[in-house]
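In case you want the letters, here they are:
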Amino acid sequence: ATALQMIIDEDSGSKADQWMFGGQVGAEYRLPAQARLRFAGAYYEWTNNRITDFGQAVSQDGNRRSGTRLLNDYKVAELTTQLSVWACGLPLKLQGTVVRNVAARFQEVAGRGNQRRNQAGYQTGAILGEAANPHTWEWAYFYKWSESDATVADVADSDFGNGGTNRRGHIGWVGYSPNDWSQLKFKYFYTKVIANGLPPGTNGANNP
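Here is a short report on the structure shown in this document. (Residues numbered from 1 in each chain as written. Predicted model: local features only at pLDDT ≥ 70, side-chain atom pairs only at ≥ 80, totals over all residues. Heavy atoms only, no water.)

1. Observations concerning the overall build of the protein
Helix and strand counts for the protein come out as zero helices and 13 strands. Going from the N terminus to the C terminus, the protein shows its helices and strands as β-β-β-β-β-β-β-β-β-β-β-β-β. The burial tally for the protein puts 34% of its 208 residues in the buried class. Partitioning the contacts of the protein with sequence separation of at least 6, the portion at a separation of at least 24 is 55%. Summed over its atoms, the accessible surface of the protein is roughly 12000 Å², and 54% of this surface lies on carbon and sulfur atoms. Charged side chains in the protein number 21 positive and 19 negative. The centres of these two groups are separated by 8 Å. (Helix = DSSP H or I, 4+ residues; strand = E, 2+ residues; numbered from the N terminus. Buried < 20%, exposed > 50% of the residue type's maximum accessible area, 1.4 Å probe, protein only. Contact = heavy atoms within 4.5 Å. Areas by Shrake-Rupley, 256 points an atom, 1.4 Å probe, with all protein chains shown as cover. Lys, Arg positive; Asp, Glu negative; His and termini not counted. Charge placed at Lys NZ, Arg CZ, Asp CG, Glu CD.)

Here is the structure:
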């Protein structure tokens, strides 16, 4: 079990500083044939994020904003699982993660009423081998789907697309450890925008 209370942005003289409160509980079970099953549930709540921005120099794309200030609340629930087995004498990790912003608001569109919330995301894939000991390799592939308000874009993976949310696509890599203190890795991303009407789409920040 892990708990975290973290200041996001402290403004002098303000009583509305932004915080993130998080917690995770997980467990691991040993299965036959040296297999293991690990799973965890987590919850992250952001406070005062619609009052001011985070004071960041650059905002990552994806979230709906008014200028740099977020227009949504973020209470993100996450479920993660990993099954570790052996394949041809190599360790194989099958992983999956699902997130949902349970505080996301409907997107209101003039003349069309409330639209979808754009509040979910997931990632699933596998890692074969482990580039850890000298002269060892690993290969990996993942598919990721992150809707606009699934989580706070400014803390999302900055390498996936051009960073942030509202992205879907593929992640692959191959890694090699020539010795016990270094690792070489080639990583490839192929991504597309999910909803073109939201950043980083081309039809405006708050249109469908």
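2. Quick look at unusual backbone geometry
With omega at 5°, the peptide bond leading from P199 into P200 counts as cis. With respect to the element layout, P200 can be found in the segment after β13 (182-193). At Q34, a position not held by glycine, the phi torsion is positive, near 60°. Locating Q34 in the fold gives a position in the loop between β2 (18-31) and β3 (35-47).

3. Points about the layout of surface pockets
Approximately 660 Å³ is the volume found for the largest pocket. For the largest pocket, the lining is made up of 30 residues, of which E78, T97, V99, Q123 and K144 are closest to its centre. For the lining of the largest pocket, the elements supplying multiple residues, two or more each, are β3, β6 (75-87), β7 (90-101), β10 (120-129), β11 (136-146) and β12 (167-179). In the lining of the largest pocket, the residues fall into 13 nonpolar, 13 polar and four charged. (1 Å grid on protein atoms, 1.4 Å probe; cavity = no way out; pocket = protein on both sides within 12 Å on 5 of 7 lines; lining within 4 Å. Points joined across faces, edges and corners; volume = space filled by probe spheres on them. Nonpolar A, V, L, I, M, F, W, Y, C, P; charged D, E, K, R; others polar.)

4. A word on the side chain of N49
Residue placement: N49 occurs in the loop between β3 and β4 (65-66). At 2.6 Å, the side chain of N49 forms a polar contact with the backbone oxygen of N72. In this structure N49 touches Q18, F54, R69, L70, N72, D73 and Y74, once residues within four positions along its chain are discounted. (Polar contact = N/O pair within 3.5 Å; in protein donor to acceptor, adjacent residues only side chain to side chain.)

5. Details of the packing of aromatic side chains
Aromatic ring pairs are reported here in terms of the distance separating the ring centres and the angle at which the planes meet. All chains considered together, the criterion is met by eight aromatic pairs. Geometrically, the ring pair formed by W46 and F54 is tilted, given 5.8 Å between the ring centres and 35° between the ring planes. Take W46: its relative accessible area is 10%, and that puts it in the buried class. The exposure class assigned to F54 is buried, which follows from its relative accessible area of 11%. Taking 6.1 Å as the distance between ring centres and 10° as the angle between the ring planes, the aromatic pair formed by W137 and W139 counts as stacked. Ring pairing ties together the aromatic residues W137, W139 and Y176, which thus form one cluster. A cation sits over an aromatic face here: K144 above F160, 4.6 Å from the ring centre. Here K187 stacks its cationic end above the ring of W173, 4.8 Å away from the centre of that ring. (Phe/Tyr/Trp six-rings, centres within 6.5 Å; stacked < 30°, edge-to-face > 60°. Lys NZ or Arg CZ within 6 Å of the ring centre and 35° of its normal.)

6. Remarks on the side chain of N101
Here N101 is to be found in strand β7. Take N101: its relative accessible area is 0%, and that puts it in the buried class. There is a polar contact of 2.9 Å between the side chain of N101 and the backbone oxygen of D73. For N101, the contacting residues outside a window of four places in its chain are D73, Y74, K75, V76, Q119, D149 and A150.

7. Section: the environment of V76
Mapped onto the elements of the fold, V76 is located in strand β6. It is 6.4 Å that separates the C-alpha atoms of V76 and E45, two residues lying 31 residues apart in sequence.

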